[in-house]
Amino acid sequence: MLLQRLVKYAESSGEVTPPFYARKPVRFLLYIAADGTPANAELVDFASPETPSQRFGVNRWMPNVTRTVGIAPTLAADTVEYVLGWIAEDGKADRVAKQHTAFQELIRDWAATEPDGPAPAIAAFYAGGHALTVVTDRTWSRADVVAFVVDGQIATEHESAKRYWAGVAAGRKGLGRAGYCLVCGQVRDLLKTIPQQIPRRWLPGATQSASLVSVNEASHGYELTKLLAHTPICVTCGLTFMSSLTAVLSDERHSTALPGQNARLAWWLVGGSRFDPMAPLDAPDLDDARARLTTPQDGIEPGDDDLSTFCSVTVGGNVARVVIRDWVEMRLPRVKDHIRSWIDDHEIADWSGEVTQVRLTQLVRAAGRWQVGRGGAPGSWAKLGARGEDRPTGLQHALLRAALLHSPLPPRLLTHVLNRIRTDGRVDPARAALIRLGLRRRPDRPDESERLTPTLNLDNNDPAYLSGRAFAVLDDLQQTVFRAANQPLNTTFAERYMGRAITNPRVVLVNGQRTSTAWLRRLRGPLRKPGWARAYATRLDDIFAQIDTSRDSIPSTAVLAQKAQFVLGFHQQRAAMRAERIEAAAKKKNTDLPPASDDQSSTEGDVE
């Protein structure tokens, strides 16, 4: 089914790949006239080290077949060894001479078969000995590709080149007989081996370019038979699905990968829709994400979305093998429903009190190690793929599956995020979003999802959630007391007790209640802030009263869900108090809460 959908995508995408062609970076162009004389004395270099996409040259459609250890030239364009006979420092002179001779023989045969195209000019170029006069003042490597340009046209793009090369490549890679193709279901000429490979840069973990289908050892094949004798794939389908897969893997609009995640996801749509299913997952804000799910794009009728199919494949590499980690095929309307559920399940209140979604890439970053800034500088997440980043392998893949398939998150992810919070002492909107998502996607407690709202839920009487709220109020109270007294505070209540409070809220809150008595007394007495003291006392009394009236008490040995509820309550209480202050300042309303410090926003962090 994967191969069939790749072929279908090629048919509907509007870009027809010539048989046995592929997009390859071409560094040098060699301009010659119709009589074979060079138009320039030097090769024209199109490599641009400053531009990542043109580091090795400009991507062009070039003749292409999988080449192993044998000598097998391609037509009118190849490496400098084949085209010009140049020998690199680590090159072998005898082998390069054979490669250069084979390339010229292919050109001569092409000229004899297709005399009306650019072939005679290239043949005359070699016959006149002009290859010996070509120079370049640039540093080159043996893998740099050179293509001929005859009278202003790249020779490989000429129809005669496409016709001739199709016959040559089919003879090299064809099985020599026709048969029933497993992909298209028609009787056609069959392949001996897959003619193209996927470059290793698109396969995380691969050390070489790889084929999607290969049987190059007898032990791998049916009846101990090598090659594709018992896996019949026709020439057309084999070329098409390899070109399609390479195209989507190399296109940023159709694929995504993050360093250190060891997988690359590629997706495409069959059926005419131009909806981008990944755009809402990394939209800059919640309104933009929802708009992308409802607004037709580029004048495409809504009916196209209803009739289209979403396909995605997650790949990795193992030496020279393609590893298929995941394959998804689903009707597009269902995918849209799943993305809406994803947004509903993870949206969270940020520090301004506004409900927002967190980009999927930011969720991956937030699961890693937090690095505190030095000398008052802001902190940052450990870089993706860096040593000691402490992010779960395959996290991006797991989150994408959860978004597109509406699947639950692995329990180990929630455990990992909680451990990072305990270690880093940092709770921010991104981590809170991950925790809310994990709780709402728990398969064993689907009935709890309604009370796990993105903002503070005053009706949520879960003791662990209430404990987190009380912990946030105690932390805010301590900071207010020290700020009012104009005293430095080296370690806040949350920074000191967060790790312990997550696993044993009862011990920390009992101690916090006792300490809060002294804090409140200072506010009422020496600091002369009785209104502030009443505000904090009222909030603490309300929260602890809810705990006392619930069926369960404050957890003393918290399980995974209770730990998550505690952190969620802590974050949402802090966000609600800060939002109350912001609203009061903006609308000049009265609030019993003291104003926040000027540097509070810089230490809490925002959703990126």
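That block above? That's the structure.
Draft legend 1. Structural detail: the overall build of the chain. Scanning the chain from terminus to terminus reveals 19 helices and 17 strands. In terms of overall dimensions, the chain is more spread out than a globule: its C-alpha atoms have a radius of gyration of 32 Å, far above the 25 Å expected for 608 residues. Expressed as lengths along the three principal axes of its C-alpha atoms, the size of the chain is roughly 105 × 55 × 50 Å. A buried classification covers 50% of the 608 residues belonging to the chain.

Draft legend 2. The arrangement of the environment of Arg-23 in detail. With respect to the element layout, Arg-23 can be found in strand 1 (residues 21-26). In this structure, the C-alpha to C-alpha distance between Arg-23 and Arg-387, residues 364 residues apart in sequence, is 34 Å. In contact with Arg-23, other than residues within four places in its own chain, are Asn-59, Arg-60 and Trp-61.

Draft legend 3. A look at the environment of Thr-37. On the secondary structure map, Thr-37 appears in the loop between strand 2 (28-32) and strand 3 (44-45). Classification of Thr-37 by relative accessible area gives partly exposed; the value is 31%. Excluding residues within four positions of it along the chain, Thr-37 makes contact with Ile-32 and His-130. A polar atom in the side chain of Thr-37 sits 2.8 Å from the side chain of Asp-35.

Draft legend 4. Quick look at helix 7 (residues 286-294). Listing the buried residues of helix 7 in full gives Leu-286, Asp-288, Ala-289 and Leu-293. If you follow the buried residues of helix 7, they end up packed against helix 9 (332-346) and strand 15 (355-356). The N-cap residue of helix 7 is Asp-285: its side-chain oxygen and the backbone nitrogen of Asp-287 are 3.2 Å apart.

Draft legend 5. Local environment of the sheet that holds strand 13 (residues 309-331). With mixed pairing, four strands are arranged side by side in an open sheet as 10-13-12-11. Edge positions in the open sheet fall to strand 10 (206-211) and strand 11 (255-256), since each of these has one partner strand only. Bridge count for strand 10 against strand 13 is two bridges, and the pairing is parallel. Bridged to Ser-211 within strand 13 is Arg-321. Sheet contacts for helix 1 (residues 2-13): strand 12 (264-270) and strand 13; angle to strand 12, the most-contacted strand, approximately 60°. Packed onto the sheet, helix 11 (residues 395-405) meets strand 11, strand 12 and strand 13 and runs at close to 15° relative to strand 13.

Draft legend 6. Just the environment of Pro-555, in detail. Examined against the element boundaries, Pro-555 turns out to sit in the loop between helix 17 (530-549) and helix 18 (560-587). Spatially, the C-alpha atom of Pro-555 lies 6.5 Å from that of Asn-504, the residues being 51 residues apart in sequence. The residues touching Pro-555, leaving out its near neighbours within four places in the chain, are Pro-463, Ala-464, Ser-467, Asn-504, Pro-505, Arg-506 and Gln-562.

Draft legend 7. View of the pairing of strand 12. Most of strand 12 is tucked away, with seven of its seven residues classed as buried. Side chains Arg-264, Ala-266, Trp-268 and Val-270 of strand 12 all project onto a buried face; the interleaved residues Leu-265, Trp-267 and Leu-269 project onto the opposite face, where all are buried too. Bridge count between strand 11 and strand 12: two bridges; the pairing is antiparallel. Within the sheet, the bridge partner assigned to Thr-256 lies in strand 12 and is Leu-265. In the sheet, strand 12 pairs with strand 13 via seven bridges, with the strands oriented antiparallel. What sits directly across from Arg-264, in strand 13, is Val-315.

Draft legend 8. Structural detail: the packing of helix 3 (residues 93-113) against helix 5 (residues 159-173). Put simply, helix 3 and helix 5 touch, their axes get as near as 11 Å, and they point 120° apart. Taken together, the axes of helix 3 and helix 5 lie oblique to each other. Judged by the sense of rotation from one axis to the other, the crossing of helix 3 with helix 5 is right-handed. Where helix 3 abuts helix 5, its residues Leu-106, Asp-109, Trp-110 and Thr-113 lie against Ser-160, Ala-161, Tyr-164, Trp-165, Val-168 and Arg-172. Counted by class, the contact of helix 3 with helix 5 contains six nonpolar, two polar and two charged residues.

Draft legend 9. How the structure looks around the pattern of salt bridges. One pass over the full model with this rule turns up 25 salt bridges. Its salt-bridge partner being Asp-45, residue Arg-138 comes within 3.2 Å of it at the nearest N-O pair. Here Arg-138 is found in the loop between helix 4 (119-127) and strand 6 (145-150), whereas its partner Asp-45 is found in strand 3, with 93 residues between them in sequence. Residue classification places Arg-138 among the partly exposed residues on the basis of a relative accessible area of 43%.

Draft legend 10. Inspection of the packing of helix 12 (residues 411-424) against helix 13 (residues 429-440) at higher detail. Their axes nearest at 10 Å, the elements helix 12 and helix 13 cross at an angle of 150°. Read as a crossing pair, helix 12 and helix 13 show a hand that is left-handed. Where helix 12 approaches helix 13, its residues Leu-414, Val-417, Leu-418, Arg-420, Ile-421 and Asp-424 are matched on the opposing element by Arg-431, Leu-434 and Ile-435. Of the residues assigned to the contact of helix 12 with helix 13, the class counts are six nonpolar, no polar and three charged.

Draft legend 11. Focus on the side chain of Asn-460. Tracing the backbone through its elements, the reader meets Asn-460 in the loop between helix 13 and helix 14 (463-484). Among the polar contacts made by the side chain of Asn-460, one reaches the main-chain amide nitrogen of Asp-462 at a distance of 3.1 Å. Contacts of Asn-460, omitting those with residues within four sequence positions, involve Arg-451, Leu-452, Tyr-465, Leu-466 and Gln-565.

Draft legend 12. Geometry of the nonpolar core. Of all hydrophobic cores here, the largest spans 86 residues; its most connected members are Phe-310, Trp-342, Leu-399, Ile-435 and Phe-471. Residue contacts for Ile-435: discarding those within four places in its chain leaves Leu-414, Val-417, Leu-418, Ile-421, Ala-564, Val-567 and Leu-568.

Draft legend 13. Structural context of the pairing of strand 8 (residues 174-180). Where strand 8 meets strand 9 (residues 187-191), four bridges bridge the pair, whose relative direction is antiparallel. Paired with Gly-174 across the bridge in strand 9 is Leu-191. The loop that links strand 8 with its antiparallel partner strand 9 comprises six residues; one of these, Gly-185, has a positive phi angle of about 75°.

Draft legend 14. Up close: helix 11. When you tally the buried positions in helix 11, you get nine out of eleven residues, the bulk of the element. One or two residues past the end of helix 11 sits His-406, with phi positive at roughly 55°.

Draft legend 15. Molecular detail of the packing of aromatic side chains. Inspection of every chain in the model, using the stated rule, returns 13 aromatic pairs. Arranged with centres 5.1 Å apart and planes meeting at 55°, the rings of Phe-493 and Tyr-497 form a pair that is tilted. You can see Phe-493 and its partner Tyr-497 sitting in helix 15 (residues 493-503), four residues apart, about one turn around the helix. The rings of Phe-471, Phe-493, Tyr-497, Trp-519, Phe-566 and Phe-570 are connected pair by pair, giving a single aromatic cluster.

Draft legend 16. Just the state of the cysteines, in detail. The final tally for this structure, using the stated rule, is zero disulfides. Between Cys-181, a cysteine without a disulfide, and Cys-234, which holds the nearest cysteine sulfur, the sulfur-to-sulfur distance is 3.7 Å. Under the relative-accessibility criterion, Cys-181 is labelled buried at 0%. Among the cysteines around Cys-184, which has no disulfide bond, Cys-237 carries the closest sulfur, lying 3.7 Å off.

Parameters and conventions
- Residues numbered from 1 in each chain as written.
- Predicted model: local features only at pLDDT ≥ 70, side-chain atom pairs only at ≥ 80, totals over all residues.
- Heavy atoms only, no water.
- Helix = DSSP H or I, 4+ residues; strand = E, 2+ residues; numbered from the N terminus.
- Rg over C-alpha atoms; globule rule 2.2 N^0.38 Å.
- Buried < 20%, exposed > 50% of the residue type's maximum accessible area, 1.4 Å probe, protein only.
- Contact = heavy atoms within 4.5 Å.
- Polar contact = N/O pair within 3.5 Å; in protein donor to acceptor, adjacent residues only side chain to side chain.
- Pairing = 2+ DSSP bridges.
- Axes fitted to C-alpha atoms, helices over the stretch in contact; angles between N-to-C directions.
- Parallel < 35°, antiparallel > 145°, perpendicular 65-115°, else oblique.
- Left-handed = near helix turned anticlockwise from the far one by under 90°.
- Nonpolar A, V, L, I, M, F, W, Y, C, P; charged D, E, K, R; others polar.
- Salt bridge = Lys/Arg side-chain N within 4 Å of Asp/Glu carboxyl O.
- Core = buried A, V, L, I, M, F, W, Y, C linked by side-chain atoms within 4.5 Å.
- Phe/Tyr/Trp six-rings, centres within 6.5 Å; stacked < 30°, edge-to-face > 60°.
- Disulfide = S-S within 2.5 Å.

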